[in-house]
Amino acid sequence: MKKYIFKLPLLLIAVVVILFSSGCEKQLEIAPRQSIDADNALTSRDAIEAAIVSVYAGLKSARQYGRDYIALPEALSDNGFATQKSGRFVGEAQNNPPTQLANHFTRDVWVNSYRNINQINLILDAIPGLTLIPAVTPAERARWEGEMYFLRGLYYFDLVKIYGYIPGAVVAPQDRGGVVISTKGFASKDAALAFLPGRAPIVDVYKLITDDLALANSRLLNPGLGASRANKAAAQGLLARVNLYGQNYSEAKRWADSCIAISSSRLTTTATHVAQWRGDTHGESLFQVRFASSAENIGVNESLQTSFTTLVTLGNTAVTGGFGDLVPTIPLLQDLGITLTTVPTGLNYPGLTATISSRSTDVRNLLYETGTNGRGPAKVECTKFLGKSGFLNLDNVPVIRVAEIYLIRAEAQATAGSSVFNLTNALADLKSIKSRRYTDYTGSAQETTDNSSSQPILFEEIFRQRRIELAFEGHRFFDLKRLGRDLVKAPHYNNVLFTEFKILPQIFQADVDGNPNLKQNFGY
């Protein structure tokens, strides 16, 4: 019997996974399969579709979009305060020296990502040789390849922004490169063990990502199969984000222009913004990680709901659900326009119950409210993830929203020295966001100030709006990192210099030990 074996291409340990030895759950609207015979692996439509679903499923891990990709960037940055109600996120919020298992992104990110990248590569390798009856149509092949290129680009982008520096913000003496590039699938243990690569230069990894996403864009449709699957708007939005990170501002703007042109009607208003977080799918989502059934529920210990709030239902502080392990810092609450009654402005708040005395006209602050006392003194908590359609600890997770694309284009045009520098257009994009978030923005003193802002002031306001808009969605740490900014953690914690080694996590040590070509990050 011919066996297809998924060997992690970099993990030089005896871990093999026989293709589809465990069942695919009913998710993403693909019919469930309990198993697929290895003789038929990647040789039928059913096998290809199931393999693709399993790659999407890899994003749902609690170490990826199930929790860590969303929560840890808030804890590591100046956005998140660890309440110590369960002990989670304390090391990350304090920026303690990372280990493989704590205080930063862990080894599981490395392991899970390369496992799924290898699966993507095997699928891409298999598609051209498929001989099916009826034959594979051009539309089928385009969708399959488009989804795989999109997901490979996403997996690599997440890897390189975590484990490497970001172009334009590199501490040269500490730079060990990007991550390992592997675009060929390994179908045997021996082939994987023989692969001893080094880390590719950061720019080469970004080139692979943008090439993959451009291939995805050329093959995918809009809206395709919807926001839970790779689609053209999502590919263009991710291309805009990746090019912003890479400081290729003309390409960031180009892809943002195209993405907005095909999806701008999805931008919410002051009347609809909060409600979009209460349903199954956020209306602005270009791509989301979908949790389709209760079997995928991450549970009360590690879900996003339990991580961010103690509430079960809005406004009901009598019933406690989650732990509320990570809550907004005082500076973030101030940016959101929230004033507390029990805490003097600018002070830390351990041991105190935080109540809200007033809010600004920014509707985004309605997504934050005082939690319960069931796990200790109540704090103001983020309620973006409050259980999809009423189901506790089960939320679809937006990965790319159209509001971010407006902010990407605004930043690209407001950055000093940008090849597409245009303050007028940058201001217009900023106002597109603010007029849909502040109920009294049009004609206000705030709008007057924005209209007369110089480049540095306008840039900082765009960056501040990015913080507010995307808070508790997994962006803040990487936004500070890509600009080479120190982590200003006061008054809650000690500040962290951008030059400190702990800005980067530790690469999986077993790979480093078994591969003389693979360099560990500086300081480990």
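The structure this text deals with has already been given above.
Residues numbered from 1 in each chain as written. Predicted model: local features only at pLDDT ≥ 70, side-chain atom pairs only at ≥ 80, totals over all residues. Heavy atoms only, no water.

Asker: How do you make sense of the overall build of the chain when you look at a structure like this?
Answerer: In terms of regular secondary structure, the chain is built from 18 helices and 10 strands. For 524 residues, the compact-globule estimate of 2.2 N^0.38 gives 24 Å, and the C-alpha radius of gyration of the chain, at 23 Å, lies within 12% of that figure. Projected onto its principal axes, the C-alpha positions of the chain cover 70 × 50 × 50 Å. Taken over 524 residues, the chain has a buried fraction of 59%. Contacts spanning at least 24 positions in sequence make up 70% of the contacts within the chain whose residues lie at least 6 apart. Surface accessibility of the chain: about 18500 Å² in total, with carbon and sulfur atoms responsible for 53%. (Helix = DSSP H or I, 4+ residues; strand = E, 2+ residues; numbered from the N terminus. Rg over C-alpha atoms; globule rule 2.2 N^0.38 Å. Buried < 20%, exposed > 50% of the residue type's maximum accessible area, 1.4 Å probe, protein only. Contact = heavy atoms within 4.5 Å. Areas by Shrake-Rupley, 256 points an atom, 1.4 Å probe, with all protein chains shown as cover.)

Asker: What is the right way to look at the nonpolar core in this model?
Answerer: The nonpolar side chains of soluble globular proteins are, as a tendency, buried together. Counting 140 residues, the largest nonpolar core has Phe150, Leu151 and Phe287 as the members making the most contacts within it. A total of 13 residues in this core trace back to one element, the largest contributor, which is helix α5 (residues 138–163). (Core = buried A, V, L, I, M, F, W, Y, C linked by side-chain atoms within 4.5 Å.)

Asker: Looking at this structure, I do not really get the pattern of salt bridges. What am I missing?
Answerer: Opposite charge on two side chains lets them pair, provided their charged atoms get close. In the structure shown here, the tally under the stated rule is 44 salt bridges. The shortest N-O distance in the salt bridge between arginine 143 and glutamate 147 comes to 2.8 Å. You can see arginine 143 and its partner glutamate 147 sitting in helix α5, four residues apart, about one turn around the helix. Judged by relative accessible area, glutamate 147 falls into the buried class, the value being 1%. For arginine 254, the salt bridge goes to glutamate 251, with nearest N and O atoms at 2.9 Å. A residue pair is termed a helical-turn pair when its members lie 3 or 4 positions apart in one helix, as arginine 254 and glutamate 251 do in helix α9 (residues 249–263) at three residues. The partly exposed category is assigned to glutamate 251, whose relative accessible area is 22%. A single salt-bridge network, built from bridges that share partners, covers Asp78, Asp335, Lys434, Asp450, Glu461, Arg464, Arg467 and Arg476. (Salt bridge = Lys/Arg side-chain N within 4 Å of Asp/Glu carboxyl O.)

Asker: Sorry, what's going on with the pairing of strand β4 (residues 285–289) here?
Answerer: In regular strands, side chains alternate between the two faces of the sheet. In terms of burial, β4 is a largely internal element, five of the five residues being buried. Pairing between β4 and strand β10 (residues 397–401): four bridges, direction antiparallel. Residue valine 289 lies in a different strand from β10, and its bridge partner there is valine 397. (Pairing = 2+ DSSP bridges.)

Asker: Any chance you could explain unusual backbone geometry here in plain terms?
Answerer: Apart from glycine, the bulk of residues carry a negative phi angle, and the bulk of peptide bonds sit in the trans form. Proline 223 follows asparagine 222 through a cis peptide bond whose omega is 5°. Its location among the elements puts proline 223 in the loop between α7 (202–219) and α8 (232–245). Here the residue pair alanine 490 and proline 491 is connected by a cis peptide bond, since its omega of 10° sits within 30 degrees of zero. Its place among the elements puts proline 491 in the loop between α17 (476–482) and α18 (509–514). One non-glycine residue with positive phi stands out, namely asparagine 95, at about 55°. The exposure class of asparagine 95 is buried, given its relative accessible area of 6%. Although it is not a glycine, asparagine 393 sits at a positive phi angle of roughly 60°. With respect to the secondary-structure elements, asparagine 393 resides in the loop between β9 (380–382) and β10.

Asker: Explanation requested: the packing of helix α1 (residues 45–58) against α5 in the structure shown.
Answerer: Packing of α1 against α5 leaves a shortest axis separation of 11 Å and a crossing angle of 25°. It follows that α1 is roughly parallel to α5 by the angle criterion. For the pair α1 and α5, the sense of crossing is left-handed. The residues of α5 that touch α1, namely those facing Arg45, Ile48, Glu49, Ile52, Val55, Tyr56 and Gly58, are Glu140, Arg143, Trp144, Glu147, Met148, Leu151 and Tyr155. Considering only residue class, the contact of α1 with α5 consists of eight nonpolar, one polar and five charged. (Axes fitted to C-alpha atoms, helices over the stretch in contact; angles between N-to-C directions. Parallel < 35°, antiparallel > 145°, perpendicular 65-115°, else oblique. Left-handed = near helix turned anticlockwise from the far one by under 90°. Nonpolar A, V, L, I, M, F, W, Y, C, P; charged D, E, K, R; others polar.)

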